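Topology and contacts: notes
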Amino acid sequence: MTDPVLRATGLGRVFDTPAGPVTALADVDLEVSAGEVLVVRGASGAGKSTLLALLATLDRPTSGEVVVDGQAVGSLSEQRLADLRRDRLGVVPQSFGLIPVLSAAENVEVPLRVRRTSVARRDARVAEVLGLVGLAEHAGQRPDELSGGQQQRVGIARALATRPALLVADEPTAQLDAVNARRVVDLLLAEAAEHGLAVVVATHDDDLAARATRVLTLASGRPA
Ligand SMILES: Nc1ncnc2c1ncn2[C@@H]1O[C@H](COP(=O)(O)OP(=O)(O)OP(=O)(O)O)[C@@H](O)[C@H]1O
Ligand SMILES: [Mg+2]
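The notes below deal with the structure included here. (Residues numbered from 1 in each chain as written. Chains lettered and ligands numbered in written order. Predicted model: local features only at pLDDT ≥ 70, side-chain atom pairs only at ≥ 80, totals over all residues. Heavy atoms only, no water.)

Time to look at the overall build of the protein. Counting its regular elements, the protein contains 7 helices and 10 strands. Taking 224 residues into account, the globule formula puts the C-alpha radius of gyration at 17 Å, and the protein, at 17 Å, falls close to it. Projecting the C-alpha coordinates of the protein onto the three principal axes gives extents of approximately 45 × 45 × 35 Å. Looking at the protein residue by residue over its 224 residues, the buried ones come to 48%. The contacts of the protein with a sequence gap of at least 6 include a subset with a gap of at least 24, amounting to 72%. For the protein, the exposed area adds up to about 10,500 Å²; of that, 50% sits on carbon and sulfur atoms. For the protein, the distance from the average position of its 24 positive side-chain charges to the average position of its 28 negative side-chain charges is 3 Å. (Helix = DSSP H or I, 4+ residues; strand = E, 2+ residues; numbered from the N terminus. Rg over C-alpha atoms; globule rule 2.2 N^0.38 Å. Buried < 20%, exposed > 50% of the residue type's maximum accessible area, 1.4 Å probe, protein only. Contact = heavy atoms within 4.5 Å. Areas by Shrake-Rupley, 256 points an atom, 1.4 Å probe, with all protein chains shown as cover. Lys, Arg positive; Asp, Glu negative; His and termini not counted. Charge placed at Lys NZ, Arg CZ, Asp CG, Glu CD.)

Attention now goes to the coordination of the magnesium ion (ligand 2). The magnesium ion (ligand 2) binds to the protein through Ser 49 (OG) and Gln 94 (OE1), with metal-donor distances spanning 2.0 to 2.3 Å. A residue pair is termed long-range when its members are at least 10 positions apart, and Ser 49 in helix H1 (residues 48-55) and Gln 94 in the loop between strand E6 (89-92) and helix H3 (104-114) qualify at 45 residues. For Ser 49, a relative accessible area of 29% corresponds to the partly exposed category. For Gln 94, a relative accessible area of 40% translates into the label partly exposed. (Donors = N, O, S within 2.8 Å, 3.2 Å for Na, K, Ca; no water.)

The subject of this paragraph is the sheet that holds strand E2 (residues 20-32). Each strand in a sheet pairs with another by means of backbone hydrogen bonds, the pair being arranged parallel or else antiparallel. In space, the 4 strands of this open sheet follow the order E2-E1-E4-E5, with antiparallel pairing throughout. Two strands close off the open sheet at either side, each with one partner strand: E2 and strand E5 (71-72). In this sheet, E2 lies alongside strand E1 (residues 6-17) in antiparallel orientation, the contact comprising 9 bridges. Pairing of Thr 17 across the sheet is with Gly 20, part of E2. Relative to the sheet, H1 contacts E1, E2 and strand E4 (63-68), its axis offset from that of E1 by approximately 120°. (Pairing = 2+ DSSP bridges. Axes fitted to C-alpha atoms, helices over the stretch in contact; angles between N-to-C directions.)

Next up on the list: the site of ligand 1. Close to ligand 1 lie 13 residues; Ser 44, Gly 45, Lys 48, Ser 49 and Thr 50 are nearest. In the environment of ligand 1, an oxygen atom lies 3.0 Å from a nitrogen or oxygen atom belonging to the backbone of Gly 47. A distance of 3.0 Å separates an oxygen atom of ligand 1 from a polar side-chain atom of Gln 94. Burial of ligand 1 by the surrounding chains reaches 62%, relative to a free accessible area of 640 Å². The element contributing the most residues to the shell around ligand 1 is H1, with 3 residues. (Near = heavy atom within 4 Å. Polar contact = N/O pair within 3.5 Å; in protein donor to acceptor, adjacent residues only side chain to side chain.)

Even without a glycine there, the phi angle at Phe 96 is positive, about 75°. With respect to the element layout, Phe 96 can be found in the loop between E6 and H3. A residue is classified by how much of its surface remains accessible, and Phe 96, at 11% relative accessible area, is buried.

A word on the nonpolar core. Within the largest apolar cluster, 37 residues are counted, with the highest numbers of intra-cluster contacts made by Val 37, Val 108 and Leu 167. Contributions of two or more residues to this core are made by strand E3 (37-41), H3, helix H4 (119-132), helix H5 (148-160), strand E7 (166-170), helix H6 (178-195), strand E8 (198-202) and helix H7 (206-211). Looking at which element gives the most residues to this core, the answer is H6, with 7 residues. Counting 31 residues, the second largest nonpolar core, distinct from the first, contains Val 40, Val 66, Leu 81 and Ala 165. (Core = buried A, V, L, I, M, F, W, Y, C linked by side-chain atoms within 4.5 Å.)

A few words on the pattern of salt bridges. Taken as a whole and assessed by the stated rule, the structure comprises 17 salt bridges. Here Asp 83 ties to Arg 86 by a salt bridge, and the two come within 3.5 Å at their closest N and O atoms. With a gap of 3 residues between them, Asp 83 and Arg 86 both fall in helix H2 (residues 78-88), about one helical turn apart. Note on Arg 86: relative accessible area 32%, which makes it partly exposed. A salt bridge links Glu 128 to Arg 125; its shortest N-O distance comes to 2.9 Å. (Salt bridge = Lys/Arg side-chain N within 4 Å of Asp/Glu carboxyl O.)

This part is about the side chain of Lys 48. For Lys 48, the position within the fold is in helix H1. Nearest to the buried, unbridged Lys 48 among oppositely charged side chains is Glu 171, at 4.1 Å. Among the polar contacts made by the side chain of Lys 48, one reaches the main-chain carbonyl oxygen of Gly 42 at a distance of 2.9 Å. Other than its neighbours up to four places away in sequence, Lys 48 contacts Val 40, Arg 41, Gly 42, Ala 43, Glu 171, Ala 202, His 204 and Leu 218.

Set out below in structure tokens:
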């Protein structure tokens, strides 16, 4: 048995709001090992993005803990956390998170630059992942020159560029037509099967849910 890439126990998130505390997430336990795909489902407002932000180490839980590679994220220094994000994580935010002044290719290149990958390897990998998401022809266009679905696919290419151990993707097919949604689903499953990528993906896509290792359904922030 390999140790899980990602483990969460008793995970919860309460937001303080002017109207009082809002429990967005409670009592979530999960584990994802290399090559596994965990699908997170649930209605709008069920807590999917709240959970994924915690798993992607972009937010801190108010209860429980997130463990990546056996390391409790909450106990890591800022530097160790930055190293973990750079070396192990790929994140596809629900809102894409692209840099507006950079082309598609330059956006995909950012995490490779952060890792100090050589120029030749950077260029090759950028071309490869843009090809995988069907955007080879659009490499030079900025986000505002791309459709929503094309921007979404740039975000997926960027997250996969460094060959992360763990991919956290928030509704990565929400903006895509059936053909491109299928292409992205096939890509994520292939990365898991062939490269051991551990995947957590929030989605309403029945095709992806049917092919997942496990499905976690949330209702009002709790496992349903
Ligand atoms: N920063 C915040 N402050 C207060 N409440 C929040 C905050 N972020 C999320 N919430 C609340 O937490 C709940 C879960 O939100 P979340 O964004 O996780 O849902 P979701 O399942 O991702 O929905 P969708 O499918 O629409 O993306 C909602 O009730 C939301 O209002
Ligand atoms: Mg969401």
